[in-house]
Amino acid sequence: MQITRLTGVLGAEISDVTVSDTMPAGDFDALKAALLEHGVIAIRDQTLTPAEQLAFVRRFGDIHFHPHVQGLPEQPEVMEILKTEAETTNFGSDWHTDQMFLASPANYTCLYGLEVPTSGGDTLFACMRNGYRSLSPAMQKVACGLKTLNRSVASQIAGRSGSNATTYASMRAKEAPVDEPLAEHPLVRQHPETGEPSLYVGLHSIRLAGFSEVESRPLIDYFITHMARPENTCRVRWAPGTLTIWDNRRVLHNAINDYHGQRRRMHRITVMGSPTTAYSEAA
Ligand code: SIN
């Protein structure tokens, strides 16, 4: 297995390995260790049916079902992300971490490239851990005292009198209630395996607990912009057969919408997580 770092802070590309539910434990452990170390891994040259992708991903934990997008009819655990040649809106085109709008957000996301544009359609990643570490001590202290309130994109769209199903017309998207309960999370989250802090905020964060939306917006935008600085990111260029796995407790991602007129089709599976905990230096 060849592991090559993508940038100074984040991401690795992996080749010369074939993933499966029966791959040797040593190889699987090496993949998991790379994921924990680099936050996101792009494994090249895989050939996976939905059932094979699912069998592999089950090794990471129980499967999480997206509440607002149905899975494939023949494999409900697998969600298809599709933008056709005729569409201009894509799914996931802003900085976010998966299922942050739920009390127990997804631990991992595993995205498999089936059809990708000849150019464009890359996915950007930003390191939430380095985002926290690179704040001044005074700002770290402020951030540690804050909590975010989060809402799904589907519910945000409904709040603007829009329709999730229409926005993502080629996907099996469902509607969400405008009054979907908000999920509260610490702004600085502790990674349950490494104990490291992460600045946990993104597209789903609509305000800070105790603050109005107008007061919250500049702060939320500041933290996201701070994390999205170029030196804090990496970028995955897709090819058919690329399988990218990321740790939603450590990275934000952003699907770049720069390929109008071309088709992009991916299969996504997410792994269930647990309630978030606030970072404590002492832990
Ligand atoms: C997502 O899971 O947000 C979509 C990522 C992508 O399509 O690159």
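Only a predicted model underlies this, so the values are computations on that prediction, with no experimental measurement involved.

## A look at the overall build of the protein
Alright, step 1. Assigned secondary structure in the protein consists of 7 helices and 16 strands.
Alright, step 2. At 18 Å, the protein has a C-alpha radius of gyration in line with the 19 Å of a compact globule built from 283 residues.
Alright, step 3. Projecting the C-alpha coordinates of the protein onto the three principal axes gives extents of approximately 50 × 45 × 35 Å.
Alright, step 4. Residues counted as buried form 54% of the 283 residues belonging to the protein.
Alright, step 5. In the protein, once contacts between residues fewer than 6 apart in sequence are set aside, the share between residues at least 24 apart is 83%.
Alright, step 6. Accessible area for the protein stands at about 11800 Å²; split by element, carbon and sulfur atoms hold 53% of it.
Alright, step 7. For the protein, the distance from the average position of its 26 positive side-chain charges to the average position of its 31 negative side-chain charges is 4 Å.

## Structural notes on the site of the ligand
Alright, step 1. By nearness alone, every residue bordering the ligand is listed as Ile81, Phe91, Gly92, His96, Leu111, Thr123, Trp246, His253, Ala255, Arg264 and Arg268.
Alright, step 2. At 3.1 Å from an oxygen atom of the ligand is found a side-chain nitrogen or oxygen belonging to histidine 253.
Alright, step 3. Here the ligand loses 100% of its free accessible area of 260 Å² to cover by the protein chains.
Alright, step 4. Counting only elements with at least two residues in the shell around the ligand, the list comes to strand S15 (251–255) and strand S16 (264–271).
Alright, step 5. By residue class, the composition of the shell around the ligand is 5 nonpolar, 4 polar and 2 charged.

## Observations concerning the packing of aromatic side chains
Alright, step 1. Within this structure, the stated rule accounts for 8 aromatic pairs.
Alright, step 2. Each residue in the set Phe28, Phe56, Phe60 and Tyr108 is aromatic and connected to the rest through ring pairs, giving one cluster.
Alright, step 3. When the ring centre of phenylalanine 28 is taken as origin, the NZ or CZ atom of arginine 59, which lies over that ring, is 4.6 Å away.
Alright, step 4. A cation over an aromatic ring shows up here: arginine 189 above the ring of tyrosine 200, its NZ or CZ 4.8 Å from the ring centre.

## Brief notes about the nonpolar core
Alright, step 1. Ranked by internal contacts, the top residues of the largest apolar core, which has 26 residues, are Ile41, Ile43, Phe56 and Ile245.
Alright, step 2. In terms of residues, this core owes the most to one element, helix H1 (residues 25–38), which gives 4 residues.
Alright, step 3. When neighbours within four sequence positions are excluded, isoleucine 41 is seen to be in contact with Ala12, Ile14, Leu31, Ala34, Leu35, Leu243, Thr244 and Ile245.

## Observations concerning the environment of leucine 111
Alright, step 1. With respect to the helices, strands and loops of the structure, leucine 111 is situated in strand S6 (residues 108–115).
Alright, step 2. Given a relative accessible area of 4%, leucine 111 falls into the buried group.
Alright, step 3. Every residue in contact with leucine 111, bar those within four places of it in the chain, is listed here: Ile81, Trp238, Thr242, Leu243, Thr244, Trp246, Met266, His267 and Arg268.

## Quick notes on the state of the cysteines
Alright, step 1. Scanning the entire structure with this criterion turns up 0 disulfides.
Alright, step 2. With no disulfide of its own, cysteine 127 has cysteine 234 as its nearest cysteine by sulfur position, at a separation of 9.2 Å.
Alright, step 3. Cysteine 127 provides the cysteine sulfur closest to cysteine 144, a residue in no disulfide bond, and the two sulfurs are 16 Å apart.

## Here we look at the sheet that holds S15
Alright, step 1. Pairing within the open sheet is antiparallel, and its 3 strands lie in the order S13-S7-S15. Two strands bound the open sheet, and with one partner strand each, they are strand S13 (233–236) and S15. Pairwise comparison of adjacent strand axes, ignoring direction, gives a mean angle of 25° for this sheet.
Alright, step 2. Of the pairings in the sheet, the one linking strand S7 (residues 123–127) to S15 comprises 5 bridges and is antiparallel in character. Bridge pairing links phenylalanine 125 to histidine 253 in S15.

What counts and how
- Residues numbered from 1 in each chain as written.
- Predicted model: local features only at pLDDT ≥ 70, side-chain atom pairs only at ≥ 80, totals over all residues.
- Heavy atoms only, no water.
- Helix = DSSP H or I, 4+ residues; strand = E, 2+ residues; numbered from the N terminus.
- Rg over C-alpha atoms; globule rule 2.2 N^0.38 Å.
- Buried < 20%, exposed > 50% of the residue type's maximum accessible area, 1.4 Å probe, protein only.
- Contact = heavy atoms within 4.5 Å.
- Areas by Shrake-Rupley, 256 points an atom, 1.4 Å probe, with all protein chains shown as cover.
- Lys, Arg positive; Asp, Glu negative; His and termini not counted.
- Charge placed at Lys NZ, Arg CZ, Asp CG, Glu CD.
- Near = heavy atom within 4 Å.
- Polar contact = N/O pair within 3.5 Å; in protein donor to acceptor, adjacent residues only side chain to side chain.
- Nonpolar A, V, L, I, M, F, W, Y, C, P; charged D, E, K, R; others polar.
- Phe/Tyr/Trp six-rings, centres within 6.5 Å; stacked < 30°, edge-to-face > 60°.
- Lys NZ or Arg CZ within 6 Å of the ring centre and 35° of its normal.
- Core = buried A, V, L, I, M, F, W, Y, C linked by side-chain atoms within 4.5 Å.
- Disulfide = S-S within 2.5 Å.
- Pairing = 2+ DSSP bridges.
- Axes fitted to C-alpha atoms, helices over the stretch in contact; angles between N-to-C directions.

Note that every value here comes from positions in space, so none of it alone points to a role or purpose.
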